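Tertiary structure, described
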Amino acid sequence: QVSDNTFFKDLLFDFETATQHSDLKVINAVYEPEVLLRIDRFHLTTALLNILENAVKYGKESVEIKVETAVQNGQYTITISDNGIGISEKDQKAIFDKFYRAGDSNVHNVKGLGLGLYFTHQIITAHDGTIRLQSKEGKGTTFSIKLPI
Ligand code: ATP
Ligand code: MG
């Protein structure tokens, strides 16, 4: 449970500091109002880091990630957008499944188990939240997470 309001800003700072990438830009539009979220800080951190790490793994040479938060209809909304390779409509349907990896995941020699987003989905759902994505191949992907306040 958090009563301070630096959770996402701290998480983004740590991510940016720890990520080795020659051309990474994180646009931090995080707004942390005085709302109280009941969260498992450890697991939610891992869940959000999975999304941020994927944006780098499945990104192009120049990676731009935009993170925005807002309060909408009594829910805390987190939006994470990247300018990466995108996910086809067919792959989007199965993206939260255990061990699922998109068709050409190995094109960039990117290793993974296909567990990251499965785990992220489980964690968000366990918080009574929702996670959705919008993506366009070659353009990028946006994940929208909603958590109850
Ligand atoms: P790991 O278990 O190490 O996270 P992974 O990254 O392959 O392995 P997920 O994080 O679950 O597994 O992602 C599943 C698949 O979805 C990836 O293999 C990749 O094909 C695709 N994917 C995930 N995030 C993105 C993204 N931001 N842009 C493009 N493709 C993505
Ligand atoms: Mg992953």
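With an unreviewed UniProt entry as reference, the protein is termed histidine kinase, source organism Dokdonia sinensis.

**Some details on helix 4 (residues 116-126)**
For helix 4, the complete set of buried residues consists of L117, T120, H121, I123 and I124. Along helix 4, the residues classed as buried sweep out an arc of 165° about the axis, all on the same side. More than 90 degrees from the buried face of helix 4, the exposed residues found are T125 and A126. Elements in contact with the buried residues of helix 4: helix 2 (41-57), strand 4 (130-136) and strand 5 (140-148). Where helix 4 terminates, the next one or two residues include D128, which has phi positive at roughly 60°.

**Points about the pairing of strand 5**
As judged from the eight bridges shared by strand 3 (residues 75-82) and strand 5, these two strands associate in the antiparallel manner. Across the sheet, the residue bridging to I80 is F143, located in strand 5. Connecting strand 4 to the antiparallel partner strand 5 that follows it, the hairpin turn spans three residues, and G138 within it adopts a positive phi of roughly 85°.

**Structural notes on the nonpolar core**
Ranked by internal contacts, the top residues of the largest apolar core, which has 20 residues, are I51, L52, A55, I65 and I80. Here the element with the most residues in this core is helix 2; it accounts for six residues.

**Concerning the site of ligand 1**
N54, A102, G112, G116 and L117 are the nearest of the 23 residues found near ligand 1. At the level of secondary structure, the elements contributing two or more residues to the shell around ligand 1 comprise helix 2 and helix 4. It is helix 2 that contributes the most residues to the shell around ligand 1, four residues altogether. Counted by class, the shell around ligand 1 contains 11 nonpolar, nine polar and three charged residues.

Calculation rules
Residues numbered from 1 in each chain as written. Chains lettered and ligands numbered in written order. Predicted model: local features only at pLDDT ≥ 70, side-chain atom pairs only at ≥ 80, totals over all residues. Buried ≥ 20, exposed ≤ 12 C-beta atoms within 10 Å, placed from the backbone. Helix = DSSP H or I, 4+ residues; strand = E, 2+ residues; numbered from the N terminus. Arc of directions from axis to C-beta. Contact = placed C-beta atoms within 7 Å. Pairing = 2+ DSSP bridges. Core = buried A, V, L, I, M, F, W, Y, C linked by C-beta atoms within 7 Å. Near = placed C-beta within 6 Å. Nonpolar A, V, L, I, M, F, W, Y, C, P; charged D, E, K, R; others polar.

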